[in-house]
Amino acid sequence: MAVGPGKLHPHTGVRITNPVEKGMSVLYGKFDGTPMTYNDEQMQMIRDDDVMLYYSGVKMSRGNVVPCRDYVLVKLDEEKLETDSGIVVAAAVTKDDLPCVGTVFKIGEGRMCSTGEFTPA
């Protein structure tokens, strides 16, 4: 809907630019932001630090998604239902396990330092 110019670094006063522009689609955390009604529409007010990735268009794809700043997009490895020794584990046993193994797919441009420049990712 709308995007501000960014925030000022608290120690140097350098403007830390906002990584997104009006019209971009973003992905942010489930519990980030504050729900609000604006012109009779439900909206979510979020901070620029809450944006994890952004993309152009309506749908995310491998070609248009960009991790924000120092975020890393990881492609999760498929869940193995068999151990190395050949024991088969029922899917119901692992259904609540959170995946924690994957391959780096894309990285953001890096962390922005107090001078307003990016440090390498």
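Predicted, not measured: the structure shown is a model, and the values here were computed from it.

1. Here's the deal with the overall build of the chain
Okay, so step 1: Within the chain, the secondary structure is distributed over one helix and nine strands.
Okay, so step 2: Secondary structure elements in the chain, listed N-terminal to C-terminal, are β-β-β-β-β-β-β-β-α-β.
Okay, so step 3: The C-alpha radius of gyration of the chain comes to 19 Å, more than 25% above the 14 Å expected for a compact globule of 121 residues.
Okay, so step 4: Seen through its C-alpha atoms, the chain measures out along the principal axes to roughly 60 × 40 × 30 Å.
Okay, so step 5: Taking all 121 residues of the chain together, the buried fraction comes to 16%.
Okay, so step 6: At a minimum sequence separation of 6, the contacts of the chain that also span at least 24 residues come to 45%.
Okay, so step 7: Carbon and sulfur atoms provide 56% of the accessible area of the chain, an area that totals close to 9300 Å².
Okay, so step 8: Measuring between centres, the 13 positive side-chain charges of the chain sit 4 Å from its 17 negative side-chain charges.

2. Quick notes on the sheet that holds strand β6 (residues 51–55)
Okay, so step 1: Spatially, three strands are ordered β3-β6-β7 in an open sheet, and the strand pairing comes out antiparallel. Each edge of the open sheet carries a strand with a single partner, namely β3 (25–28) and β7 (65–67). Strand-to-strand twist across the sheet, computed as the mean angle between neighbouring axes with direction ignored, equals 25 degrees.
Okay, so step 2: Judged from the four bridges that link them, β3 and β6 form a sheet pairing that is antiparallel. Within β6, the residue paired with leucine 27 across the bridge is leucine 53.

3. Some words on the pattern of salt bridges
Okay, so step 1: The full count for this structure, using the stated rule, is five salt bridges.
Okay, so step 2: Residue arginine 47 is joined to aspartate 49 by a salt bridge in which the shortest nitrogen-to-oxygen separation is 3.3 Å.
Okay, so step 3: By relative accessible area, aspartate 49 is classed as partly exposed at 37%.
Okay, so step 4: A salt bridge links aspartate 48 to arginine 69, with the nearest nitrogen and oxygen atoms 3.9 Å apart.

4. So, unusual backbone geometry
Of all residues except glycine, most have a negative phi; of all peptide bonds, most are trans.
Okay, so step 1: Here the phi dihedral of aspartate 40 falls at roughly 65 degrees; this positive angle occurs in a residue that is not glycine.
Okay, so step 2: Here aspartate 40 shows up in the loop between β4 (34–38) and β5 (41–45).
Okay, so step 3: Residue classification places aspartate 40 among the exposed positions, given a relative accessible area of 78%.

Calculation notes
- Residues numbered from 1 in each chain as written.
- Predicted model: local features only at pLDDT ≥ 70, side-chain atom pairs only at ≥ 80, totals over all residues.
- Heavy atoms only, no water.
- Helix = DSSP H or I, 4+ residues; strand = E, 2+ residues; numbered from the N terminus.
- Rg over C-alpha atoms; globule rule 2.2 N^0.38 Å.
- Buried < 20%, exposed > 50% of the residue type's maximum accessible area, 1.4 Å probe, protein only.
- Contact = heavy atoms within 4.5 Å.
- Areas by Shrake-Rupley, 256 points an atom, 1.4 Å probe, with all protein chains shown as cover.
- Lys, Arg positive; Asp, Glu negative; His and termini not counted.
- Charge placed at Lys NZ, Arg CZ, Asp CG, Glu CD.
- Pairing = 2+ DSSP bridges.
- Axes fitted to C-alpha atoms, helices over the stretch in contact; angles between N-to-C directions.
- Salt bridge = Lys/Arg side-chain N within 4 Å of Asp/Glu carboxyl O.

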